[in-house]
Structures are given as C-alpha cells and as structure tokens.
Amino acid sequence: MKFLYVAPRYHTNQADIMKGLKERGCEVRFISHYAAIIEDYSSVTPVVLGYSPLYRLIDFLYVNVIHRKDPTAIVFKIQHGFPPVRRLKKLICEFAPDVVILRERSVYSMAAYLICKTKGYPCILYNQNPLWSKPAKTDPLHRLAGRMTPSLRMTPVMGVKKPGTAIRENDYFVPFVVDPRRAPEERTYFSEDTIHILCIGKYEIRKHHLMLLQCVEELGDKYRIHVTLVGEATNRFQKEYCEQVRSFVREHRLEHMVTVKTNLPREKMEAEYMGADLYVIPSTLEMASVSQLEAMSYSLPVICSDKNGTACYVEDGVTGYHFRDCDQEDLRNKLSVMLSDRERMKEMGAAGYRALKDKYNFDRYFDTIMGMRDKILQEHGKV
C-alpha cells in the first residue's frame with residue numbers, strides 16, 4: 001500500500017502513525033507546505049514543496065507589511081497558500097498512491113484533490129473539526145469548498161453530543177496514535193520527595209503559562225512541587241512572551257520551583273516525561289493536542305481544559321481531571337486535589353497507560369483508514 005499525505009507541516013503527532021505504516025510494509029510520501037524547527041524524521045522525511053513564487057510574495061506582504069503587528073498572521077498561508085502546481089502534480093503522479101490524506105479544506109488541498117481526482121486516487125479529508133458538529137454551512141463559498149475537497153472526512157476530535165449537533169454520514173473519528181513508552185512498573189515517581197509537573201506548549205499567550213505559574217505559586221507553601229515548562233520560542237512574538245514568563249519567575253522568586261526550557265529537540269523529550277509525575281495543559285483555544293497522549297504513554301496523569309478539542313482522551317476522575325477553560329481558580333482546585341494524593345496520581349497514570357494501549361493504537365487507525373478507502377472505491381465501482 002502507498003500512503004500519500006499532503007499537509008501544511010509534518011507535525012510530531014504524525015510520527016507514530018508513520019512508524020506504524022512503515023512497520024506494516026507500506027510506502028509513505030509526505031508532502032508539506034513548510035518545515036518547522038522541531039520535527040521527528042525518524043520514520044519519514046517529508047518533501048517540503050513550499051508555495052508558488054507568486055504566493056510567497058503575497059505572504060511576505062501580508063505577514064511583514066500589512067499585518068506585521070499580528071502574531072496570528074503567519075497562519076494565513078495554511079488556508080490560502082497555493083502550491084507550485086506542476087511540481088505537486090509530478091510528485092503525486094509519480095508516486096501513484098493507493099490512498100491520499102489531505103489536511104484541511106485549503107487552497108493547497110483543493111489543488112491536490114483535483115489532481116488526484118483526475119487520476120482516480122481515493123482521497124480522505126483530515127481536519128480537527130469535531131465529529132459531533134452542527135450542520136454544514138450552505139452558502140455558495142462553503143458549497144464550493146465542499147465540492148473541491150474529499151467528501152469523506154476523518155478527525156481526532158470527538159466533540160460533544162448536544163442539541164443541534166450530529167455525526168454526518170461520511171465523517172469518522174480517527175484518534176491520534178501514540179505508542180506506549182513506559183509502563184508504570186518501568187519508571188519511578190516523586191524523585192527527591194517532590195511532585196514534578198510538566199507543561200509542554202509553544203510560548204504563546206493562549207497557552208496560559210502564567211496562569212499555571214500563579215497557581216503553582218499559591219500551592220507552593222502546601223505542596224513540595226517543581227514545574228518544568230518546555231516550548232517553542234522561535235518567532236518574535238514567542239520570544240517576547242517567553243521573556244514575560246521568565247520575568248514572572250524572577251520577579252516572584254520562583255527559580256527554585258520553576259524551570260523554563262525552549263526549543264528542545266524531539267530526542268530530549270523522553271527525559272522530560274520520565275522526570276515528571278503530572279502533566280498539565282492549561283491552554284485555551286486548543287483544537288486538538290496530542291501531548292496528553294504522549295504523557296499517558298509515560299504513565300502520567302493529566303490535567304487539561306474541558307474545552308480542549310481532545311479532552312475526551314482524558315477520562316475525568318480516572319486518568320486525570322478537566323478544569324473549566326480559562327478558570328484559574330478551578331485549575332488551582334484541580335491541581336490541589338491531584339497533588340494531595342500521590343498514590344491516586346500513580347493509579348491515574350497507570351489507568352492512562354492502559355487506555356492508551358486499548359484505544360489509541362495504530363491498528364485502530366489503520367483499520368479505519370482502510371474502511372474509508374474501501375467505501376470510496378465502492379462508491380466509484382472499483383471494488
């Protein structure tokens with residue numbers, strides 16, 4: 001089987017999927033728009049195709065001139081950037097994939113889909129919109145986008161079943177895949193009689209590092225704790241916010257309780273997880289984070305926001321806790337409950353490890369993708 005992925009970047013949440021495909025004997029080609037600084041190429045090295053020369057000029061003006069003070073301007077290219085079409089067509093056709101997975105309903109994916117459609121390559125749309133969702137918008141622009149992208153969609157976000165939401169016929173829940181790393185009996189906890197809290201996330205305001213540190217400061221007199229923050233700080237806005245975090249630590253004299261780290265390579269992350277006892281994701285506007293599964297793969301309990309797109313991966317009260325989004329008091333309360341019972345923390349970590357093995361394994365991912373592919377082929381009379 002030949003698997004082709006077309007996506008803005010080769011994200012670390014794809015690493016264990018790529019590994020599983022290679023171990024199954026599949027051939028994989030991953031075409032990305034751009035490369036990030038921290039990526040894991042141990043199984044697959046993506047083809048960084050980039051954008052057309054015309055779009056690169058548009059993007060430069062958009063980011064550096066028109067919206068130079070907007071930190072979110074850099075993501076404009078994900079939806080609107082268009083590829084060098086001839087090179088994209090050559091890469092797709094010479095590979096002749098058995099299944100194609102396209103990320104987002106973007107201009108880039110539309111170009112790839114039209115190429116694949118003419119060749120009869122079955123395509124699946126991958127995005128992080130919830131499985132349980134409201135009816136699709138029916139205005140002309142959205143209808144056009146629907147026709148120019150695959151009809152079958154997969155998402156790692158379950159969403160919430162509530163009035164006005166439903167699961168559409170061609171939508172599938174395909175969760176992230178993370179391989180088990182360390183069973184509870186293969187690791188130790190609470191070194192130096194301290195509870196070590198780990199938080200991983202880009203240094204952006206929405207990640208709420210400062211909210212977590214304020215909670216830690218309040219709880220520091222009651223519990224023996226240490227927090228390690230690990231994140232990317234590569235662009236100007238991230239570096240500025242990271243300095244705000246460091247300044248907070250200095251001004252509040254928390255150096256003995258907080259360590260701030262930046263831009264760690266993938267191979268050094270295992271040491272961070274192995275040195276932790278609890279994983280916390282305080283961020284808001286988190287469409288779908290994979291790091292809680294990575295923490296569970298190291299037998300760690302997890303605390304995350306109830307509005308986190310993949311909060312469903314953490315069973316509240318069993319493998320960790322949910323706190324009310326953006327609610328500092330509730331985060332502090334959930335931390336206090338967790339920190340008050342070390343044996344319960346270990347039990348939650350063990351439960352998370354078991355859940356990871358049972359629910360978020362590669363076989364489930366592969367079987368669902370194959371089922372979707374068969375459905376596409378049947379609809380086109382090719383099976």
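Placed above this text is the structure.
Please read all numbers here as calculations on a predicted model, not as lab measurements.

Parameters at a glance
Residues numbered from 1 in each chain as written. Predicted model: local features only at pLDDT ≥ 70, side-chain atom pairs only at ≥ 80, totals over all residues. Heavy atoms only, no water. Pairing = 2+ DSSP bridges. Helix = DSSP H or I, 4+ residues; strand = E, 2+ residues; numbered from the N terminus. Contact = heavy atoms within 4.5 Å. Axes fitted to C-alpha atoms, helices over the stretch in contact; angles between N-to-C directions. Buried < 20%, exposed > 50% of the residue type's maximum accessible area, 1.4 Å probe, protein only. Expected span 1.5 Å × (residues − 1). Right-handed = clockwise from strand over helix to strand, strands pointing away. Phe/Tyr/Trp six-rings, centres within 6.5 Å; stacked < 30°, edge-to-face > 60°. Parallel < 35°, antiparallel > 145°, perpendicular 65-115°, else oblique. Left-handed = near helix turned anticlockwise from the far one by under 90°. Patch = residues over 30% accessible without salt bridge, like charges linked within 9 Å, V, L, I, M, F, W, Y side chains within 5 Å. Areas by Shrake-Rupley, 256 points an atom, 1.4 Å probe, with all protein chains shown as cover. Salt bridge = Lys/Arg side-chain N within 4 Å of Asp/Glu carboxyl O. Nonpolar A, V, L, I, M, F, W, Y, C, P; charged D, E, K, R; others polar.

Chemist: How would you summarise the sheet that holds strand 3 (residues 47–48) if you had to cite specific residues and measurements?
Modeler: Within the open sheet, the seven strands sit side by side as 3-2-1-4-5-6-7. Their pairing is parallel. Each having just a single partner strand, strand 3 and strand 7 (171–173) make up the two edges of the open sheet. Examined bridge by bridge, strand 4 (residues 99–103) and strand 5 (residues 123–126) share four bridges and lie parallel to one another. The partner of Leu102 across the bridge, within strand 5, is Leu125. Sitting on the sheet, helix 4 (residues 85–95) is in contact with strand 1 (2–7), strand 2 (27–32) and strand 3, with an inclination near 170° to strand 2.

Chemist: Describe the environment of Pro163, listing the residues and the values that go with them.
Modeler: Mapped onto the secondary structure, Pro163 falls in the loop between strand 6 (153–155) and strand 7. Given a relative accessible area of 83%, Pro163 falls into the exposed group. Sequence spacing of Pro163 and Ser133 is 30 residues, and the spatial spacing of their C-alpha atoms is 10.0 Å.

Chemist: Lay out helix 5 (residues 107–119) in plain terms, naming residues and giving numbers.
Modeler: The end-to-end C-alpha separation of helix 5 is 19 Å, in line with the 18 Å expected for 13 residues at 1.5 Å each. Along helix 5, the positions that sit buried rather than exposed are Tyr108, Ser109, Met110, Ala111, Ala112, Tyr113, Ile115 and Cys116. Contact partners of the buried residues in helix 5: strand 1, strand 2, helix 4, strand 4, strand 5 and helix 6 (140–147). Trailing helix 5 by a residue or two, Gly120 shows a phi angle of about 80°, which is positive.

Chemist: Which residues make up the pairing of strand 2, and what values go with them?
Modeler: With five of six residues buried, strand 2 lies mostly within the body of the structure. With six bridges joining them, strand 1 and strand 2 adopt parallel strand pairing. Bridging across to strand 2, Lys2 finds its partner in Glu27. Following the chain from strand 1 across helix 1 (residues 15–23) to the adjacent parallel strand 2, one finds a crossover that is right-handed. Here strand 2 runs beside strand 3; their pairing, made up of two bridges, is parallel. The residue of strand 3 that forms the bridge with Ser32 is Val48.

Chemist: Any details on the packing of aromatic side chains? Residues and values, ideally.
Modeler: Scanning the entire structure with this criterion turns up 15 aromatic pairs. Residues Tyr5 and Phe30 carry aromatic rings whose centres are separated by 5.7 Å and whose planes lie at 10° to one another, so their mutual orientation is stacked. Here the residue Tyr5 occupies a position in strand 1, and Phe30 occupies one in strand 2, the gap between them amounting to 25 residues. Accessibility expressed as a relative area gives 4% for Tyr5, which makes it buried.

Chemist: Run through the packing of helix 7 (residues 209–219) against helix 11 (residues 328–339), naming residues and quoting values.
Modeler: Where helix 7 meets helix 11, the closest approach of the two axes is 10 Å, and the angle between their N-to-C directions is 50°. Between helix 7 and helix 11, the angle falls in the class oblique. The chirality of how helix 7 crosses helix 11 is right-handed. Residues Met211, Leu212, Gln214, Cys215, Glu218 and Leu219 of helix 7 lie in contact with helix 11, whose contacting residues are Gln328, Leu331, Arg332, Leu335, Ser336 and Leu339.

Chemist: I'd like to hear about the sheet that holds strand 12 (residues 302–305), residue by residue, with values.
Modeler: Strand pairing within a sheet occurs via backbone hydrogen bonds; the two strands may be parallel or antiparallel. Here we have six strands laid out as an open sheet, ordered 10-9-8-11-12-13, and parallel in their pairing. With partners counted over all chains shown, the strands left at the sheet margins are strand 10 (258–262) and strand 13 (320–323), one partner each. Neighbour-to-neighbour, the strand axes of this sheet turn through a mean angle of 20°, independent of strand direction. Against the sheet, helix 7 engages strand 8 (195–200), strand 9 (225–231), strand 10, strand 11 (278–281) and strand 13, with an angle of about 170° to strand 9. Along the sheet face, helix 8 (residues 236–251) touches strand 9 and strand 10 and points at about 160° away from the line of strand 10.

Chemist: Describe a nonpolar patch on the surface, with residues and values.
Modeler: A cluster of nonpolar residues, Leu57, Phe60, Leu61, Val65 and Ile66, forms a patch on the protein surface that exposes about 480 Å² of accessible area. Along the chain, Ile66 falls in helix 2 (residues 53–66).

Chemist: I'd like a rundown of the packing of helix 1 against helix 13 (residues 362–379), residues and numbers included.
Modeler: Interhelical geometry of helix 1 versus helix 13 gives an angle of 75° and a closest axis separation of 10 Å. As summarised for this structure, helix 1 and helix 13 are arranged roughly perpendicular, according to the angle between their axes. Contacts between helix 1 and helix 13 involve Asp16, Ile17, Gly20 and Leu21 from the former and Phe362, Tyr365 and Phe366 from the latter. Tallied by class, the residues present in the contact of helix 1 with helix 13 amount to five nonpolar, one polar and one charged.

Just geometry here; none of it tells us what the structure is for.
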